[in-house]
Amino acid sequence: MQENFSLKPFNTFGVEAKAKYFIEVNSVDELIETLKSPNTKSLPLIFIGGGSNLLFTQDFDGLAIKLNLKGISEEILNENEVLVTAKAGENWHEFVLFCLNKNYGGLENLSLIPGNVGTSPMQNIGAYGTEIKDIFVDCKVLNLETLEVETFDLEKCRFGYRDSIFKQEGKGKYVILEVRFKLTTKNHSMKTEYGAIQSELENLGIKNPAIQDISKAVINIRQSKLPDPKKIGNAGSFFKNPTIPLIQFENLKKQFPNIQGYPNGEFVKVPAGWLIEQCGWKGKQIGNVASHQLQALVIVNATGNATGKEIFDFSTMIIDSVKEKFAIELEREVNIL
């Protein structure tokens, strides 16, 4: 265990914050042993995976645990289905590529999402018409109160839009150890209609795409829109796309005829990036922080010297301006500490 440890390398914003204590664990037994220790029982805890959904606004006066649980296993169910289990510390995109190399379908639309497998169920990660819940079977978690391993199935996880039990009443009560997915081996159900996938496939000259082609298209789209955290600090999409009542959307459309929206029954999902851009934030920089020039939904550590508080304050200004103009309150997708 290390003291006064810098967490800068462990968050994709690249902001400086120190943990009072820090330890890396490589197995469930090591994790349980750490948590049973009298030295750690009274400490606040934070579990760090890929660090892609964290914003440290201050030092952490507790124990930061880096989960290095690694391993992938497979179980063939039948001629068209396979169960694939990945430990929490596996890099998400590398796991997707592992499955694509085996021709396992279901994850291709989720290519190049930053972070680790263990954090994927927490906010039901999704992109281009696919969400974790579509291929999720269950996950093993450690109950932090009892130190017993439990299994959470699809129903128990209570997935919603970028939401799950782990962000609600289960927050801080469990740590995810591994996740199991049901994927296809040959009769793949491919989703190419969402976003710019179809046009990108056309650009690539692909008429009858395989799952690997869809992944390539998604990677191209993401790379053209989203900054690489290795080059400029960011956490991907900073805000959730808000869902508003249909009647509110219709009233807004009278005032803003170009407003975008995706109807779902009595509600409409409005792209947060469009709202932010309309308020003049796209590419705007204040001090060390900016809204990305290609995607307003992404806040970046523009100079590399931003503090977490500067980034948080910048996001507050965006929230306030969108609320003032559209009467819609944006919700942060990033976990603030």
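Further up the page is the structure itself.
Per chain, the residues get numbers from 1 upward, laid out in the order the sequence is written. Under the rules for a predicted model, residues below a pLDDT of 70 receive no local features and side-chain atom pairs below 80 are neither given nor counted, while totals for whole chains, interfaces and linings still include all residues. Note: side-chain values were computed over all heavy atoms of the structure, leaving out hydrogens and water.

Draft legend 1. Structural context of the nonpolar core. In terms of nonpolar packing, the biggest core is built from 44 residues, with Phe239, Ile276, Ile311, Ile318 and Leu330 touching the most fellow members. Elements are defined by DSSP. Helices are runs of H or I of four residues or more, strands are runs of E of two residues or more, and each kind is numbered from the N terminus. Elements that contribute at least two residues to this core include exactly β2 (18–25), β3 (45–48), β4 (54–55), β5 (60–67), α6 (246–255), α7 (272–278) and α8 (308–326). Residues count as neighbours in contact if any of their non-hydrogen atoms are within 4.5 Å of one another. If sequence neighbours within four positions are ignored, Leu330 has contacts with Phe239, Lys240, Pro242, Ala272, Leu275, Ile276, Ile318, Ile319 and Val322. Definition used in this section: a nonpolar core is a set of buried Ala, Val, Leu, Ile, Met, Phe, Trp, Tyr and Cys residues joined via side-chain atoms within 4.5 Å. Any residue under 20% of the maximum accessible area for its type is buried, any over 50% is exposed, and the rest in between are partly exposed; the area is computed with a 1.4 Å probe on protein chains only.

Draft legend 2. Up close: the pairing of strand β7 (residues 81–87). Of all seven residues that make up β7, five are buried, and the element is covered over most of its length. In this description, strands pair whenever DSSP reports at least two bridges between them. Taken together, the six bridges between strand β6 (residues 72–78) and β7 define a ladder with antiparallel strand orientation. Bridged to Glu75 within β7 is Leu83. A loop of two residues connects β6 with β7, the two strands running antiparallel in sequence.

Draft legend 3. Geometry of the packing of aromatic side chains. Between rings of Phe, Tyr and Trp, where Trp is taken as its six-membered ring, a pair exists when centres lie within 6.5 Å; planes separated by under 30 degrees are stacked, by over 60 edge-to-face, and by other angles tilted. Taken as a whole, this structure holds 15 aromatic pairs when the rule is applied. Both rings, one in Phe5 and one in Phe10, keep their centres 6.0 Å apart while their planes meet at 35°; by these two values the pair is tilted. For the residue pair Phe5 and Phe10, the accessibility class agrees, reading buried in each case. What links up through ring pairs into an aromatic cluster is the set Phe5, Phe10 and Phe22. Taking NZ or CZ as reference, Lys156 lies 4.4 Å from the ring centre of Phe152, over its face. Stacked on the ring of Trp281, the Lys or Arg Lys284 has its end atom at 4.7 Å from the ring centre. Cation placement over rings: the criterion is NZ of Lys or CZ of Arg within 6 Å of the ring centroid and within 35° of the ring normal.

Draft legend 4. Up close: the pattern of salt bridges. Salt bridge, as applied in this entry: a Lys or Arg side-chain nitrogen positioned within 4 Å of an Asp or Glu carboxyl oxygen. Applying the stated rule across the entire model yields 14 salt bridges. A salt bridge links Lys323 to Glu329, with the shortest nitrogen-to-oxygen separation between them at 3.3 Å. Taking relative accessible area as the criterion, Lys323 reaches 43% and is therefore assigned partly exposed. By sharing partners, the salt bridges in this structure join Glu131, Lys133, Asp134, Arg162 and Lys191 into a single network.

Draft legend 5. View of the sheet that holds strand β19 (residues 298–301). Here we have four strands laid out as an open sheet, ordered β13-β19-β18-β17, and antiparallel in their pairing. The sheet is open, and its two borders are formed by β13 (233–237) and β17 (285–286), each paired with just one other strand. Pairing geometry for β17 and strand β18 (residues 289–291), over two bridges, is antiparallel. Across the sheet, residue Gln285 finds its bridge partner in β18, namely Ala290. Against the sheet, α8 makes contact with β17, β18 and β19, and its axis sits at roughly 35° relative to β18, the strand it touches most. What counts as an axis is a line fitted to C-alpha atoms, over the stretch in contact for a helix, and the angles between N-to-C directions run from 0 to 180 degrees.

Draft legend 6. View of unusual backbone geometry. With a phi close to 50°, Tyr128 is a non-glycine residue in the positive phi region. By the secondary structure assignment, Tyr128 is in the loop between β8 (126–127) and β9 (130–131). The phi angle at Arg158 is positive, at roughly 45°, despite the residue not being glycine. Here Arg158 lies in the loop between α3 (154–157) and β12 (174–184).

Draft legend 7. Local environment of helix α1 (residues 28–36). All of the buried residues along α1 are Leu31, Ile32, Thr34 and Leu35. For α1, the buried positions fall inside an angular range of 160° around the axis, keeping them on one side. Projecting away from the buried face of α1 at angles above 90 degrees are the exposed residues Asp29, Glu33 and Lys36. In this fold, the buried residues of α1 make contact with β2, β3, β5, β10 (136–143) and β12. This arc is taken over the directions from the axis of the helix to the C-beta atoms.

Draft legend 8. Examining the sheet that holds strand β14 (residues 243–245) more closely. Reading across the sheet, the three strands line up as β14-β16-β15 and stay open at both edges, with antiparallel pairing between neighbours. A single partner strand is all that each edge strand has here, and the edge strands are β14 and β15 (262–264). Sheet twist, expressed as the average angle between the axes of neighbouring strands with direction ignored, equals 30°. Set on the sheet, α6 makes contact with β14 and β16 (267–269); between it and β14 the angle comes to about 90°.

Treat this as a map of the structure, not an account of what it does.
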